[in-house]
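# Residue-level structural notes
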Amino acid sequence: MRLLDLVARRIGATHRDRLLLGAVIVGAALLFWCAAQAAGDPPAFLVGLFVLALAAVTVNPHTATGAGLLLVSVWLWYVAVDDSTTWWSLVAGCALLTVHSAQSLLASGPDPAPVPTTIARTWLRRTLAVAGVTLATGALTLTLHGRSSTSTTATIIGLAVVAAAVVAVLIAARDQGDEAH
């Protein structure tokens, strides 16, 4: 009973912004697990370890538990998925990015404090930019991998397009940041 009382008091003292971030962490981690399940067959002991690591992150995000969850997630993916060239890897990668970003933002202040709107927006923009570049690069890579006759020229042109998109996103983010000041 003591543990449940402690958890209930902590939840009661936590600002709803931070509770929402905790829910995002759990949701994104479960999305990762679903992608791993769809792409392979995770062993039961790793699923249990994954659930324990996820619980540790949500209970105590101010420590290195997030790194532990990411490590267990990568281990789970490596053991469960035989073919690394699956489209599920894009879902898994974006889910882990979301877990990391939400956990970092959650750990940026004390539990009772709200998450400042400007900081949340900055984190959201950065996470979406990284997710966009990740999806574009991953989709290009998986598409090119599926074609046995893909030329080196096409690969270089494709990667140049992705690099140009990254530069455009960074310039747009910088310009938007300059307008805010």
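Rules and cut-offs
- Residues numbered from 1 in each chain as written.
- Predicted model: local features only at pLDDT ≥ 70, side-chain atom pairs only at ≥ 80, totals over all residues.
- Heavy atoms only, no water.
- Core = buried A, V, L, I, M, F, W, Y, C linked by side-chain atoms within 4.5 Å.
- Buried < 20%, exposed > 50% of the residue type's maximum accessible area, 1.4 Å probe, protein only.
- Helix = DSSP H or I, 4+ residues; strand = E, 2+ residues; numbered from the N terminus.
- Contact = heavy atoms within 4.5 Å.
- Expected span 1.5 Å × (residues − 1).
- Lys, Arg positive; Asp, Glu negative; His and termini not counted.
- Salt bridge = Lys/Arg side-chain N within 4 Å of Asp/Glu carboxyl O.
- Polar contact = N/O pair within 3.5 Å; in protein donor to acceptor, adjacent residues only side chain to side chain.
- Arc of directions from axis to C-beta.
- pLDDT = per-residue confidence, 0-100.

Next up on the list: the nonpolar core. Judged by nonpolar contacts, the single largest core of 26 residues is most densely connected at Ile25, Phe32, Phe50, Leu69 and Trp77. Taken together, the elements giving at least two residues each to this core come down to helix H2 (16-39), helix H3 (44-59), helix H4 (65-80) and helix H5 (88-106). Contact partners of Phe50, with chain neighbours within four places excluded, come to Ala29, Phe32, Trp33, Leu69, Val72, Ser73 and Leu76.

Mapped onto the elements, Trp33 comes out in helix H2. Residue Trp33 is classed as partly exposed on the basis of its relative accessible area, which comes to 25%. Each C-alpha atom of the pair Trp33 and Ser73 lies 8.2 Å from the other, and the pair is 40 residues apart in sequence. Once residues within four sequence positions are removed from consideration, Trp33 is found in contact with Pro42, Val47, Phe50 and Leu76.

Moving on, we get to H5. Between the first and last C-alpha of H5 there are 27 Å, a value that for 19 residues agrees with the 27 Å anticipated at 1.5 Å per step. Leu90, Ala92, Cys94, Ala95, Leu96, Leu97, Val99, Ser101, Ala102, Gln103, Leu105 and Leu106 are the residues of H5 that are buried.

It is worth spelling out the side chain of Arg18 at this point. As for its placement among the helices and strands, Arg18 is situated in helix H2. Of the side chains with opposite charge, Asp111 lies nearest to the buried Arg18, which makes no salt bridge, at 5.6 Å. For Arg18, the side chain forms a polar contact with the main-chain oxygen of Pro110, separated by 2.9 Å. Other than its neighbours up to four places away in sequence, Arg18 contacts Leu105, Leu106, Ser108, Gly109, Pro110, Asp111, Ala113, Pro114 and Val115.

Another point: H4. Relative to the 22 Å expected for 16 residues at 1.5 Å per residue, H4 spans 22 Å between its end C-alpha atoms, a close match to the ideal helical length. For H4, every residue scored as buried is listed here: Thr65, Gly66, Leu69, Val72, Ser73, Leu76, Trp77 and Ala80. Burial along H4 is one-sided: seen end-on, the buried residues are contained in an arc of 135°. H4 presents Ala67, Leu71, Val74 and Tyr78 as exposed residues on the side facing more than 90 degrees away from its buried surface.

Further remarks concern the environment of Ala139. Note that Ala139 resides in helix H6 (residues 117-145). Given a relative accessible area of 24%, Ala139 falls into the partly exposed group. Each C-alpha atom of the pair Ala139 and Ser89 lies 10.0 Å from the other, and the pair is 50 residues apart in sequence. The residues touching Ala139, leaving out its near neighbours within four places in the chain, are Trp87 and Leu90.

Overall, the predicted model of the protein chain reaches an average pLDDT of 83, with 89% of residues at or above 70. Taken element by element, the protein chain is modelled with least confidence in helix H7 (residues 152-180), mean pLDDT 71, and with most confidence in H5, mean pLDDT 92.

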